[in-house]
Each structure stands twice: as structure tokens, then as C-alpha cells.
Number of protein chains: 2
Amino acid sequence: MAEQIAQEAHYAATVLKTLSNEERSQALEEIRLGLINAKKEILEANERDLEAARASQTSAALIKRLDLSKNDKFDSMCDGIKEVADLEDPLNKVTLARELDEGLDLYRITCPVGVLLVIFESRPEVIANITALAIKSGNAAVLKGGRESLGTFKAMANVINKVLKGKTKVPGDAIKLIATHSEVSDLLKQDQYIDLVIPRGSNKLVRAIKDQTKIPVLGHASGICSIYVDEFADPAKASRIVVDAKTNYPAGCNAVETLLVNEKILGAKIYEDLLKALVSAGVTLHMTAQLLDSVPGNLKSTYPDKFVAAKDSDFRGEFLSLDLAVKAVADVSEAVKHINTHSSKHTDAIITENEPHAQVFLNGVDSSGVYWNCSTRFADGFRYGFGTEVGISTNKIHARGPVGLEGLVCYYYQLRGHGQIVGDYVGGGGHRKFTHRELDPKKVKLD
Amino acid sequence: MAEQIAQEAHYAATVLKTLSNEERSQALEEIRLGLINAKKEILEANERDLEAARASQTSAALIKRLDLSKNDKFDSMCDGIKEVADLEDPLNKVTLARELDEGLDLYRITCPVGVLLVIFESRPEVIANITALAIKSGNAAVLKGGRESLGTFKAMANVINKVLKGKTKVPGDAIKLIATHSEVSDLLKQDQYIDLVIPRGSNKLVRAIKDQTKIPVLGHASGICSIYVDEFADPAKASRIVVDAKTNYPAGCNAVETLLVNEKILGAKIYEDLLKALVSAGVTLHMTAQLLDSVPGNLKSTYPDKFVAAKDSDFRGEFLSLDLAVKAVADVSEAVKHINTHSSKHTDAIITENEPHAQVFLNGVDSSGVYWNCSTRFADGFRYGFGTEVGISTNKIHARGPVGLEGLVCYYYQLRGHGQIVGDYVGGGGHRKFTHRELDPKKVKLD
């Protein structure tokens, strides 16, 4: 069953990749209109899901994520489809053009990755979002939602499938909606047909998926972000940035989890101000023994439960709460070393007015985002100006950091000749030499 | 043990990535000189490996690959290091520059992938080649060679390690040479420290490695390449190209394995000429029942053992010999469908003078190389003008087709601010808007 689903999506992908940007964007517009027309049924299905969730003592946070009727969530979801449709076409861009010999031209051209498997939890609007991203980028997608949103999911799936089949050139199988839970582990085995897995949900979900599949996974299992406050930090910037990075949205993967301070500032006003800013913002500081001793007495007595002893594991995991692990380092090099050893390669920042120190940090830290004098919370596709966000990747290949549509795209080579054979050329048995002359990719006409 | 090796390479990578292009290229020059100075010892060790191989009835092909003394193989190997050193620096290229707000600039910058695990078989010159590629691209590498070349391997490893430690800024652990066989499977488990596996050897080796690891593998497990001869093919081009693609180097992954012919040409002169060209070049044609019947009687009597019945599996695997599976298709769309179902997404070609047919093929085939009127054998990093070849990838993400240095490179984001926090901006709780103004990447000064 899983194999058949994956295979059908694979065939659909080979058709979808040949459609023009207009045809793909037009399909998104039809989906948007179809969803708007079916708003009543979808919200009724959503209300039934919500009732079932409330009856089964589901957490308030999950119920909030599940609820599609609140504020303008439904309309925003539909607007989001149009925003994706209006993005620049990521496909068929010529990124390299080279004459290998007279009448033998090589082009490198962007193309879809193929088939995406998207696994998400309770937020039903992800269906619309990922459908839009997949079709816009020419990828087929197999979508698997959470159990709680099953009714909403089915109602939206009906609309999307009916619209695709009736009103667009996109094959119906290009978006496959899986309503049962049993198939996930089988789908994760279909590496012959599925090219990329995108988990949208908790870190636990991502980790579980990464452990189960050989298919590449675009995502991050955790966001262990650090900020290093250098001895040349501006005091006001340090306090503002660290407080923002910790408290703006503590559950975010780009929230700071570890604070590294240069030991030269221990006891100085900048250090005291920084601690005060954090604890007065409600943050509990998990400090090494060395640092616990260095907390000024007046602070300790005013905020008695905000200074606690750190465990080793505090520097190796996420709090996702108003907690922060704090440690002193001798210099910027030690900060870099700590981060490269402990971080999850997500986003790390230095606060300093000293440019050489900043350079050591920017060059040395091996994370997808390396920041100077700004909050780690900026690590986000919308803030980066990508127009959308497929996910934040802590992988080391293909796509890193906040990933927009370009993460769903790869490339292939076209070689256009006039009967050339390798046997005529040097290295293949002949004497003809390659010209290897660069051409202007912008001037290539593909059709 | 494997974990320690991988961890040490990981730390070395974090140092190596901070070195300048000059420092990396200088290290390659020192290695080149070191190998030239040690030519005598290395060739003596190689001779001992060869003697052992001959004594153990090793195949002639393997002995040929193992032999470093023949022709100018040793000198070519050393020249190759200089060629890699002279390539353009793949690192620290700014590929995107965007002002997010006044004084808050985002740069996307190329960087090394991290730690490579390179597993190769008998050819000892791969050590020099991959050491050069890794250091030039700022990656640490763990190298595991075949048992047959162990002595040569150790002699070269001694030189490389001594040179790195004594004469360069590259940490000695950046190139780790593994001389025993036991550690491979353990190394393949070190996905925490190893970022990319590059197998250099037989398809069997690649497949075995892909089955054993969760680390991304850059390579191709097979090259099932097809050529489709359209009804509008030029007869001379068709024969020349198919014969070249099959016979120029039948063991190559870019050799053609399947010939698809438009059924309209069955019985025509172009078809007869094509068959004749192939069988007279020594190729055995494995034909479907329909095609076996269509072979002209005079050809069959002249070449009685060159026309045989095809099995289904002939269209799903590699011959790597002077054998070719042949099948008729109704039109270019059926050819595309056959290829997308059976090929290994390596390289496929159409022979036609009809541009609309060529377009259907070029747009529809989902392979890393899609060719028009030229031989599949052009799929090669040197022929593409990359100056080197790390491998040929049939993956769908990161790098596809012949891969040069750029396959060893990814990117990260730098964000340089002046104290900005997310809480001030729309979406983060504030009212400030992002400017998202494109900057010229060429004008960015990183240091």
C-alpha cells in the first residue's frame, strides 16, 4: 500500500515537473478558490475534531493549534496559497552554461527534487501551505497529518483532490493525503520513490523520523543556540539581545539555550546588568559552580530561586522554557570550541564591539547561522525575506538554516550536441580538445 | 576507536575551515613535494603490494589499478595535486546578500561540508587525489583504502601526515588514514561527526555502503543509461553515438545499457544500419521478442550469436560489457516513461532532428544528465570542465551528475547587526518592518 502510494506520487512528479510556472500557479489559485468555497464544511469538520479533542483531555496548546476558526486563521491560510503562487518560479533557472566544444553546449538547470513526504502534527493549515509549496516547486507530496486533525484533514483533502483532477493540469496523485497512521513507517522505507522527508512538528517527531529512514530529512531535531558575550561587548546590546533571544519565544528552536560569558567581565557592571536583566525578565539561570559564586549578593537575595546549579546536560539540550545555561570561557576561541562541541549547528551569536574577535567567531563557528550583535531569534525564513519557510535545516548538505522554496529544488544537466561522440576527444581515444568556454546563463533559451 | 577517529577529524575540520585559500593551497604544495621526495619508498611499498597481489591470484584488472609505477602514474598523481591547488577557491563566496533592516545585513556564504569519509578500493592514487580535494575545500577526510594497497597506502599516509604536522597550518588530524578493515562499519555509524560518505569504487561497494549508513552518500550505485532513437533521428548520428556510448568504455557508469527505438523505424534503413553498426562493433543485442523478429535475415546470418532474447531484468540492470538491451517504444513520451521507470537517474539521451520531440525528452526525463544528439559518455567531471571529479551522483539533493569541488561545499548564513532584537519587529511583538533590500554579493567585504 505504502509502495503503491509512493510509486503513484513518483509518476505524478514526472508529469508535474514538465508543467509551466503559469500552470502550477494557476493550480494553486484553483485550490485557493476551492478551499474558500468549502470554508463552511471544512470549519464544521474542524469543529468536530475540536470537540473530540476537548473530550479526550487534549492539552490546551494542542487544541489552540488545531483550531482553524479562530481569528482569521482560515483566511490567512488561503492568502498564504496566493503568496506562494506569486513567488518567483524556482524551476528552469540556468545556473551554469558552458560550451564544451563547438555545437556542444552544457546547461545546469534547476528542477524539482521529486517526491516529498511531509509529516506534520496537529496544525491543519500546514496542508494548504505544503500543498502550495510542493506544487509551486514542481514536487509531488505525500502528506501525513496528526490523528487529532483527521476530520479537518479529510475535508481539505477532498477539496484539493477534486480541484486538481477537475480544473488543473497537475495530476491528482501529485498531492497524496494519507489519513491513517499505520503507513508512516512503511512510507519511510520507500527510498526508491520518495526523495525528501519534511517533518513539521516537535523535535521529538523529527528525531523519531530521522531514526526510521534512509531518505534525507530536511529539518532540525533540536536548536541548541548559544550567545557568547565577549569582554568587548556593549553592555546595553548584550542585555537586550540575550533577553530577547531567551524570552521573545522560549519554545522556538532559535531561542538561546546557553550563555557563554568571557571570564574577564565576571564582577563587572556589564555582567551584573546582564544577570539582572535576565532574572528580572523571569529567566532562571543554570550556572556552573564558578559562576554561582560570582553572583552579586544583592541579586541573589532579590531573586533567590533564579540562580541554580547547572548540570552538564544543561549544556547539551534545549530548555524551551525561561531557563538558560550559563558558563564562563577564557576567550572567543574557547567560546567557538564550546559551541562547535555542544551546539546543534543551528544559530549562535557573539556580542562584541571588537571586530577581530567577531571575525574569529564568524569564521570559526560551524553552524547554519552565525550572528554578530543581534538576536538568534532572527533565524527564520520570513525574517530572512524568503517569503515562505519550508523548515529550518541543521543538515550539513543541500540546504542549511531557514529554507525557502530553494530547498525543494535541485538541478540537472542538459547537454545539447550535434552528433558528438567521446571517442573523438582527448581522454576518450581521440585528439579533439574541449573548448570549455563559459557562456552567459541569462542568454540561454531553453525552448 | 571509530568514534575517536571521527571526533578528532571533526575538531580538525573546525580549524581547517578557518584557513585561507593560500594556506590550504600551500599545504597541498608541501604534500606534493613530500610525495615526490618519497617516490622511491612509496614505489617500493607499492611493489611489495603488487607481489603479494600476484601471489594471491588477484585479477589482472585489479593488479593494473594497484600498480603505481606504470607509465607516468606517480608523476600524474603529483601533478593532480597541483591542479587541485590551482582551482578557484570554493569557500567564502557570498552567494546572497540582503539588508534585513538598516545595519542588519544577511550574507549567505559557502563553507566546507565538514568531515568526509572516503572509502576506496585498490587505486592508491586516490589517496593523493582525495587529500587534495578535501584540503582545498576545507574538509577533513577519513580515508579507508582497500586491503590490496595497504603497504602503498601506509607509505603515502606517513608522508602526508608528516608534512601536514611539520610544514603546514592544516591540523594533522584533518587527514586520517585508516589502515585496518574492521573500522569501516563503525565509522559508518558516526553520523554525529561525519557529514558525507564518498565511496570510490565498484557499484557493489557503493550499494553496500548505502545500505549500512545514515550519513549522506555521494555517489551512484549504478548507471543504467538509455538512448532513445526517435523516428526523426539522423541515421549517421544515431549509429555513431550509440556505438560510442556502448563501446568507448563499456565498464563505465556512463556507458549506455538500454537502446529504445521508435517503432516507426523498425524495418527502415536507419534501423538496419544501427543494428549493423552495433553488432559489427562486437555488441550483443538483447532484444524483446517483437524486435528479434524484425532483425533482417542477412544480419542474423552474418552475426548469428549477436541477437539474443532479452530478459525483463536486462532493462533494470547494468551489463558493463558489450551487451545492450533493445526495445521498441511508440513515441518519445513512452521512451521518457520507460526511462523514468527503469533508469538509475544517471544520464540518458535522445537522438532526433525534431526539436519538439527533443523538448519533451529534455523536460521529461528525470535524470542528472539529459542529452540531445550526443553520447552519454560525456557525463564526466573533466569533460564538463570542472577540473576534477569527486564522483558522479545519482542523488536527488545537494549535488547531481558529475560533481566537482562544489559537491564538497555547502553554505551558512552570517547576520551582522548593531544590537537588533526580534521583539522590535512585526511578527515578534513590535512594529518595525524589515526592508529586505537586495545587496550586491560581489561588494560584500567579509573581513
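Residues numbered from 1 in each chain as written. Chains lettered and ligands numbered in written order. Predicted model: local features only at pLDDT ≥ 70, side-chain atom pairs only at ≥ 80, totals over all residues. Heavy atoms only, no water.

Chain A appears in an unreviewed UniProt entry as glutamate-5-semialdehyde dehydrogenase from Dekkera bruxellensis. What the UniProt record of chain A gives under Sequence similarities (unreviewed entry) is the line "Belongs to the gamma-glutamyl phosphate reductase family." On record in UniProt, under Catalytic activity (unreviewed entry), the comment for chain A is "L-glutamate 5-semialdehyde + phosphate + NADP(+) = L-glutamyl 5-phosphate + NADPH + H(+)". (UniProt positions renumbered as here; feature names shortened; annotations may be inferred.)

J.: What is the right way to read the interface of chain B and chain A from this model?
T.: When the parts come together, some accessible area is lost, and that loss is often what is quoted as the size of the interface. Contacts between chain B and chain A engage 79 residues on the former and 80 residues on the latter. Where chain B abuts chain A, roughly 6800 Å² becomes buried across the two surfaces, and 55% of that area is made up of carbon and sulfur atoms. Across the chain B-chain A interface, the total number found is 4 salt bridges. A salt bridge links Lys 396 of chain B to Asp 195 of chain A; the shortest N-O distance between them is 3.7 Å. (Contact = heavy atoms within 4.5 Å. Buried area = accessible area lost by both parts, 1.4 Å probe. Salt bridge = Lys/Arg side-chain N within 4 Å of Asp/Glu carboxyl O.)

J.: Is there a simple way to think about unusual backbone geometry in this case?
T.: Note: most residues except glycine have negative phi, and most peptide bonds are trans. Residues and elements named next belong to chain A. Its identity as a non-glycine residue notwithstanding, Lys 345 has a phi of 60°, on the positive side. Examined against the element boundaries, Lys 345 turns out to sit in the loop between helix H14 (332-342) and strand S12 (347-351). Here Lys 345 falls in the buried class, since its relative accessible area comes to 13%. (Helix = DSSP H or I, 4+ residues; strand = E, 2+ residues; numbered from the N terminus. Buried < 20%, exposed > 50% of the residue type's maximum accessible area, 1.4 Å probe, protein only.)

J.: Help me understand the packing of helix H10 (residues 235-247) of chain B against helix H11 (residues 269-280) of chain B, please; the structure alone is not making it clear to me.
T.: Any two packed helices are characterised by how steeply their axes cross, that is the angle between the axes, and by the distance between the axes. All names here are of chain B. Remark: H10 packs on H11, axes separated minimally by 9 Å, with the N-to-C direction vectors making an angle of 25°. One way to sum up the angle between H10 and H11 is to call them roughly parallel. You can see that H10 and H11 cross each other, and the crossing is right-handed. Here Pro 235, Ala 238, Ser 239, Val 242 and Val 243 of H10 come into contact with H11, specifically with Ile 270, Asp 273, Leu 274, Ala 277 and Leu 278. Looking at the contact of H10 with H11 residue by residue, the classes come out as 8 nonpolar, 1 polar and 1 charged. (Axes fitted to C-alpha atoms, helices over the stretch in contact; angles between N-to-C directions. Parallel < 35°, antiparallel > 145°, perpendicular 65-115°, else oblique. Left-handed = near helix turned anticlockwise from the far one by under 90°. Nonpolar A, V, L, I, M, F, W, Y, C, P; charged D, E, K, R; others polar.)

J.: Help me out: how do you make sense of the UniProt feature "coiled-coil region" (unreviewed entry) in chain A in this one?
T.: Within this numbering scheme, the UniProt entry marks residues 28-56 of chain A as carrying the feature "coiled-coil region" (unreviewed entry). A distance of 36 Å separates the end C-alpha atoms of residues 28-56 of chain A, which is 93% helix and 0% strand.

J.: Which parts of the structure should I look at to understand the nonpolar core?
T.: In a soluble, globular protein the nonpolar side chains are often hidden away together inside. Membership of the largest hydrophobic core comes to 203 residues, with the highest contact counts inside it found for Val 229 of chain A together with Val 229 of chain B. When near neighbours in sequence (up to four residues on either side) are disregarded, Val 229 of chain B contacts Ala 238, Val 242, Leu 259, Leu 260, Val 261, Asn 262, Ile 265, Ile 270, Leu 274 and Ile 351 of chain B. (Core = buried A, V, L, I, M, F, W, Y, C linked by side-chain atoms within 4.5 Å.)

J.: Would you explain helix H2 (residues 21-37) of chain B in this entry?
T.: In an α-helix, one full turn covers 3.6 residues, which means residues spaced three or four apart are oriented alike. Residues and elements named next belong to chain B. Along its 17 residues, H2 runs 24 Å from first to last C-alpha, staying within 8% of the 24 Å computed at 1.5 Å per residue. Of all the positions in H2, only Asn 21, Arg 24, Ser 25, Ala 27, Leu 28, Glu 30, Ile 31, Arg 32, Gly 34 and Leu 35 are classed as buried. Where H2 is buried, its residues touch helix H1 (2-16), helix H3 (39-55), helix H5 (73-85), helix H6 (125-136) and helix H7 (150-167). (Expected span 1.5 Å × (residues − 1).)

J.: Hey, could you run me through the sheet that holds strand S4 (residues 140-144) of chain B in this one?
T.: All names here are of chain B. Read across the open sheet, the 4 strands follow the order S5-S4-S3-S6; overall the sheet is parallel. Strand pairing shows two members of the sheet lacking a second neighbour, strand S5 (175-178) and strand S6 (196-200), which therefore form its edges. Within this sheet the neighbouring strands show an average axis-to-axis angle of 20°, counted without direction. Looking at chain direction, strand S3 (residues 115-120) and S4 are connected through 5 bridges and run parallel. When the bridges of S4 are listed, Ile 119 appears paired with Lys 144. The strands touched by H1 within the sheet are S3, S4 and S5, with S4 carrying the most contacts at an inclination of about 145°. (Pairing = 2+ DSSP bridges.)

J.: What is the right way to read the sheet that holds strand S2 (residues 104-112) of chain B from this model?
T.: Either a parallel or an antiparallel arrangement is found when strands of a sheet pair, and the pairing is made through backbone hydrogen bonds. The strand order across the open sheet formed by 11 strands is S10(A)-S9(A)-S11(A)-S8(A)-S7(A)-S12(A)-S13(A)-S16(B)-S2(B)-S1(B)-S17(B), and the pairing between neighbours is mixed. In the strand order of this sheet, the two ends are held by strand S10 (307-309) of chain A together with strand S17 (437-438) of chain B, each with one partner. Relative to strand S16 (residues 409-420) of chain B, strand S13 (residues 369-374) of chain A is paired through 5 bridges, and the arrangement is parallel. Counted as the bridge partner of Gly 369 of chain A is Tyr 413 of chain B from S16 of chain B.

J.: Even after reading the chapter, I still don't get the relation of the copies chain B and chain A, so can you show me in this structure?
T.: What relates the pair of chain copies is a rotation about an axis plus a shift along that axis. Of the transformation superimposing chain B on chain A, the axial component is 0.0 Å and the angular component is 180°, with the fit at an RMSD of 0.1 Å. Expressed as an axis order, the relation between the two copies is that of a two-fold axis. In terms of C-alpha distance to the rotation axis, chain B has His 398 of chain B as its closest residue, with the C-alpha 1.9 Å off the axis. When the interface residues of chain B are mapped onto chain A, 100% of them are again interface residues, pointing to one common binding face. (Least-squares fit on C-alpha atoms with pLDDT ≥ 70 in both.)

J.: Is there a simple way to think about helix H9 (residues 203-212) of chain B in this case?
T.: All names here are of chain B. Of all the positions in H9, only Asn 203, Leu 205, Val 206 and Ile 209 are classed as buried. An end-on view of H9 places all buried positions within 155° of arc, on one side of the element. Opposite its buried face, H9 presents the exposed residues Lys 204 and Asp 211, each directed more than 90 degrees away. At its buried positions, H9 is contacted by S3 and S6. (Arc of directions from axis to C-beta.)

J.: Is there a simple way to think about the pairing of strand S8 (residues 256-262) of chain A in this case?
T.: Consecutive side chains along a regular strand alternate between the two faces of the sheet. Residue and element names in this part refer to chain A. Within S8, 7 of the 7 residues are buried, which leaves it mostly tucked inside the rest of the structure. Note: strand S7 (residues 225-229) against S8, 5 bridges, orientation parallel. Each bridged residue has a counterpart across the sheet, and for Ile 227 the counterpart in S8 is Leu 259. Following the backbone out of S7, through helix H10 (residues 235-247) and into the adjacent parallel S8, one traces a crossover that is right-handed. Two strands pair when backbone bridges link them, and S8 and strand S11 (residues 323-329) are joined in this way by 5 bridges, in the parallel orientation. (Right-handed = clockwise from strand over helix to strand, strands pointing away.)

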